[in-house]
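Each chain is listed here by its residues.
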Amino acid sequence: MSKFSFLKLSPPKILVFGFAAIILIGSLLLMLPISNTTGHSLKFIDAVFTATSATCVTGLVVRDTGTFFTTFGQTVIMFLIQIGGLGFMTMATLFALVLRRKISLRDRLILQEAMNQNSMEGIVRLIRRVLIYSLVIEGTAAVLLSIRWAFDMPLGRAIYFGIFHAVSLFNNAGFDLFGEYRSLTGYVSDPLVNIVMMVLIIMGGIGFIVMADLVEYKKTRRLSLHSKVVLFMTAVLILVGALVIFVFEFTNQRTLGPLNFGGKVLASFFQSVTPRTAGANTVDIAGLRQASQFFMVILMFIGASPGSTGGGIKTTTFTIMIAAVISMLRGREDIVMFRYRLAQERIFKALTITLLALLLVISVSMVLSTTEDHNFLMILFETTSAFATVGLSMGLTPELSFIGKILISLTMFSGRLGILTLAYAIGRKQGKPLYKYPEGKMIIG
């Protein structure tokens with residue numbers, strides 16, 4: 001950890017440079033002839049795109065992971081996913097703890113920023129829990145998936161597939177090894193694969209703070225406001241999403257139509273869970289009706305929860321925005337959730353994140369609409385998927401132009417770091433003003 005201590009940079013800037021360095025190293029490794037099946041060096045732009053997608057735990061690919069990359073290349077991608085999902089500072093802390101090195105104050109500040117915490121209190125203890133929870137959840141899922149896939153492929157390959165997909169789905173990355181951009185469509189009606197994958201996605205998406213709260217619930221008999229909001233909104237989004245997809249796609253012969261009733265329900269729930277920034281799919285996303293595709297854009301934009309491996313504006317931000325609207329319609333000044341009043345600072349932060357995210361998605365979509373020869377919904381879908389680090393695709397990514405690949409890579413990078421963290425890194429965070437201006441009045445609405 002000492003190598004971070006001498007850097008005279010703010011925590012947001014260190015996070016930006018740290019993730020950029022990991023992407024560069026990953027790109028160089030993926031460019032090696034040993035990383036792909038052709039035996040030739042991969043183009044730099046494709047290597048950067050793949051490394052960015054893996055490090056930012058997105059899952060958008062310009063080269064098919066299962067057929068183009070060798071075992072070495074796939075292993076590089078898997079390690080990039082793990083580092084990107086947990087955060088490079090979390091991994092650095094792991095090495096520091098193993099080597100019994102002291103975690104400095106500056107390191108704790110960076111960890112606080114990386115984990116999106118309000119204070120440094122208990123940050124190292126949280127990192128320990130993050131590492132333990134990740135190991136246990138990924139290990140359990142890998143065993144279950146390996147047993148299931150041992151019926152379909154040789155045992156060694158099944159174990160390898162189990163480990164890779166456990167890491168990929170828990171970190172909400174969406175990379176798969178089945179080839180031909182099929183994702184999990186071959187297991188659309190398989191209960192074990194679907195349930196294990198959905199549990200991985202949800203556990204990775206609710207965040208480690210909520211996990212810690214749930215583990216300690218037997219002792220404390222209480223959940224924090226943050227955990228209550230995350231669990232409530234996660235459940236609502238999954239149930240509503242499954243219902244909407246079930247209704248819109250029930251008769252669609254390209255998606256749910258050929259399945260029996262149980263298969264339709266299972267596929268509806270999976271397609272509702274995966275926009276939480278996971279990126280895997282069990283039905284053809286391009287085959288969905290436009291209403292379903294646009295609804296998935298909304299789900300992707302909301303994304304996962306703070307302190308998780310997922311992206312998006314986050315469930316808590318969306319909840320605050322909805323609560324603000326309800327409070328305004330009821331004529332109330334305060335926003336109250338679960339008998340707790342929210343500070344104005346939280347509301348302003350939620351509004352800022354939402355507007356900046358909208359601005360980014362709209363701007364990138366507008367530029368791509370001039371550089372890519374595809375319909376706007378496909379472009380909007382891909383851009384939102386990149387920003388929310390989801391990885392779902394309607395088929396645009398492999399056909400992106402050079403400029404398109406750069407724009408989507410930057411969008412993934414912005415989405416993984418967080419729009420505010422990136423803004424603080426670029427600009428300068430101002431302190432509290434010494435005086436206030438007189439209050440003015442405007443007519444609104």
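See the structure shown above.
Just so it is clear, the model here is predicted, and its values are computed rather than measured.

Conventions and cut-offs
- Residues numbered from 1 in each chain as written.
- Predicted model: local features only at pLDDT ≥ 70, side-chain atom pairs only at ≥ 80, totals over all residues.
- Heavy atoms only, no water.
- Helix = DSSP H or I, 4+ residues; strand = E, 2+ residues; numbered from the N terminus.
- Contact = heavy atoms within 4.5 Å.
- Areas by Shrake-Rupley, 256 points an atom, 1.4 Å probe, with all protein chains shown as cover.
- Core = buried A, V, L, I, M, F, W, Y, C linked by side-chain atoms within 4.5 Å.
- Buried < 20%, exposed > 50% of the residue type's maximum accessible area, 1.4 Å probe, protein only.
- Axes fitted to C-alpha atoms, helices over the stretch in contact; angles between N-to-C directions.
- Parallel < 35°, antiparallel > 145°, perpendicular 65-115°, else oblique.
- Nonpolar A, V, L, I, M, F, W, Y, C, P; charged D, E, K, R; others polar.
- Expected span 1.5 Å × (residues − 1).
- Salt bridge = Lys/Arg side-chain N within 4 Å of Asp/Glu carboxyl O.
- Patch = residues over 30% accessible without salt bridge, like charges linked within 9 Å, V, L, I, M, F, W, Y side chains within 5 Å.
- Polar contact = N/O pair within 3.5 Å; in protein donor to acceptor, adjacent residues only side chain to side chain.
- Phe/Tyr/Trp six-rings, centres within 6.5 Å; stacked < 30°, edge-to-face > 60°.
- Lys NZ or Arg CZ within 6 Å of the ring centre and 35° of its normal.
- Left-handed = near helix turned anticlockwise from the far one by under 90°.

**Student:** Just checking my understanding: could you explain the overall build of the chain for this structure?
**Tutor:** Summing up its helical and strand segments, the chain has 20 helices and two strands in all. Long-range contacts, defined here as pairs at least 24 residues apart, represent 70% of the contacts in the chain between residues at least 6 apart. A total accessible area of about 21,600 Å² is found for the chain, and carbon and sulfur atoms account for 66% of it.

**Student:** I tried to follow the nonpolar core on my own but got confused; where do I start?
**Tutor:** A general trend in soluble globular proteins is that nonpolar side chains are found buried together. Counting 103 residues, the largest nonpolar core has Trp 149 and Met 197 as the members making the most contacts within it. Sequence-distant contacts of Trp 149, that is, excluding residues within four places in its chain, are made with Ala 158, Phe 161, Gly 162, His 165, Phe 178, Tyr 187, Val 193 and Met 197. In this structure, Val 229, Ala 323, Ile 335 and Met 337 belong to the second largest nonpolar core, which totals nine residues.

**Student:** What exactly am I supposed to notice about the packing of helix α18 (residues 376-387) against helix α19 (residues 402-417) here?
**Tutor:** For any two helices packed against each other, the geometry is given by the interaxial angle and the distance between the axes. The contact between α18 and α19 brings their axes to 7 Å, and the two run at 40°. Comparing their axes, α19 and α18 come out oblique. Residues Glu 382, Thr 383, Ala 386 and Phe 387 of α18 pack against Ile 408, Thr 411, Met 412 and Gly 415 of α19. Looking at the contact of α18 with α19 residue by residue, the class counts come to four nonpolar, three polar and one charged.

**Student:** It is not clear to me how unusual backbone geometry should be interpreted in this structure. Could you clarify?
**Tutor:** Note: most residues except glycine have negative phi, and most peptide bonds are trans. Positioned with a positive phi, Tyr 181 is a non-glycine residue whose angle comes to about 55°. Locating Tyr 181 in the fold gives a position in the loop between α9 (155-170) and α10 (191-206). Located in the positive-phi region is Arg 221, a residue other than glycine, with phi close to 60°. Classification of Arg 221 as exposed rests on a relative accessible area of 59%.

**Student:** Sorry, what's going on with helix α17 (residues 344-371) here?
**Tutor:** Each α-helix winds once per 3.6 residues, and so residues spaced three or four apart point in a common direction. Over its 28 residues, α17 runs 41 Å from end to end, which matches the ideal 40 Å to within 8%, given 1.5 Å per residue. Those residues of α17 not exposed but buried are Ile 347, Ala 350, Ile 353, Thr 354, Ala 357, Leu 360, Val 361, Val 364, Ser 365 and Leu 368.

**Student:** Looking at this structure, how should I read the environment of Ile 25?
**Tutor:** Looking at where Ile 25 falls in the secondary structure, it is placed in helix α2 (residues 11-31). Along the backbone, Ile 25 and Val 48 are 23 residues apart, and their C-alpha atoms lie at a distance of 9.5 Å.

**Student:** Can you walk me through the pattern of salt bridges in this structure?
**Tutor:** When their charged atoms lie close together, side chains carrying opposite charge are able to pair. Under the defined criterion, the tally for this structure stands at six salt bridges. In this structure, Arg 148 and Asp 152 form a salt bridge, with 3.0 Å as the shortest nitrogen-oxygen distance. Taking the relative accessible area as the measure of exposure, Arg 148 reaches 19% and is therefore buried. The class for Asp 152 is partly exposed, based on a relative accessible area of 44%.

**Student:** In this structure, what is going on with a nonpolar patch on the surface? I would like to understand it.
**Tutor:** On the surface, a cluster of nonpolar side chains totalling about 420 Å² of accessible area is made up of Ile 25, Leu 29, Leu 32, Ile 34 and Phe 72. Mapped onto the secondary structure, Leu 29 falls in helix α2. For Leu 29, a relative accessible area of 32% gives the class partly exposed.

**Student:** Would you explain the side chain of Thr 255 in this entry?
**Tutor:** Here Thr 255 is to be found in the loop between α13 (225-249) and α14 (261-273). What makes Thr 255 buried here is its relative accessible area of 6%. One polar contact links Thr 255 to Glu 249, side chain to side chain, over a distance of 2.7 Å. Residues in contact with Thr 255, not counting those within four places in the same chain, are Glu 249, Val 283, Asp 284, Gly 287 and Leu 288.

**Student:** Any chance you could explain the packing of aromatic side chains here in plain terms?
**Tutor:** Aromatic ring pairs are described here by two measures, namely the spacing of the ring centres and the angle between the planes. Under the defined criterion, the tally for this structure stands at 12 aromatic pairs. Here Phe 68 and Phe 69 contribute two aromatic rings whose centre-to-centre distance is 5.1 Å and whose plane-to-plane angle is 90°, an arrangement assigned as edge-to-face. In terms of burial, Phe 68 and Phe 69 fall into one category: buried. The interplanar angle of 55° and the centroid separation of 5.6 Å between the aromatic rings of Phe 178 and Tyr 187 together place this pair among those described as tilted. Over the ring of Phe 250 we find Lys 264; its NZ or CZ atom is 5.0 Å from the centre of that ring.

**Student:** How should I be thinking about the side chain of Thr 50 in this particular structure?
**Tutor:** Position of Thr 50 among the secondary structure elements: in helix α3 (residues 44-55). Polar contacts involving the side chain of Thr 50 include one to the main-chain carbonyl oxygen of Asp 46, which spans 2.8 Å. Not counting chain neighbours up to four residues away, the residues in contact with Thr 50 comprise Leu 30, Val 62, Phe 69, Ile 77 and Phe 175.

**Student:** Any chance you could explain the environment of Ala 212 here in plain terms?
**Tutor:** You can see Ala 212 is positioned in helix α11 (residues 208-215). Note: C-alpha distance between Ala 212 and Tyr 133 (79 residues apart in sequence) is 8.8 Å.

**Student:** So what exactly am I meant to see when it comes to the packing of helix α16 (residues 315-329) against α17 here?
**Tutor:** α17 packs onto α16 with a crossing angle of 110° between their chain directions and a minimal axis gap of 9 Å. Taken together, α16 and α17 sit at an angle that is classed as roughly perpendicular. Regarding α16 and α17, the two cross each other, and that crossing is left-handed. The segment α16 lies against α17, with Thr 317, Ile 320 and Met 321 engaging Arg 346, Ile 347, Ala 350, Leu 351, Ile 353 and Thr 354. Split by residue class, the contact of α16 with α17 holds six nonpolar, two polar and one charged.

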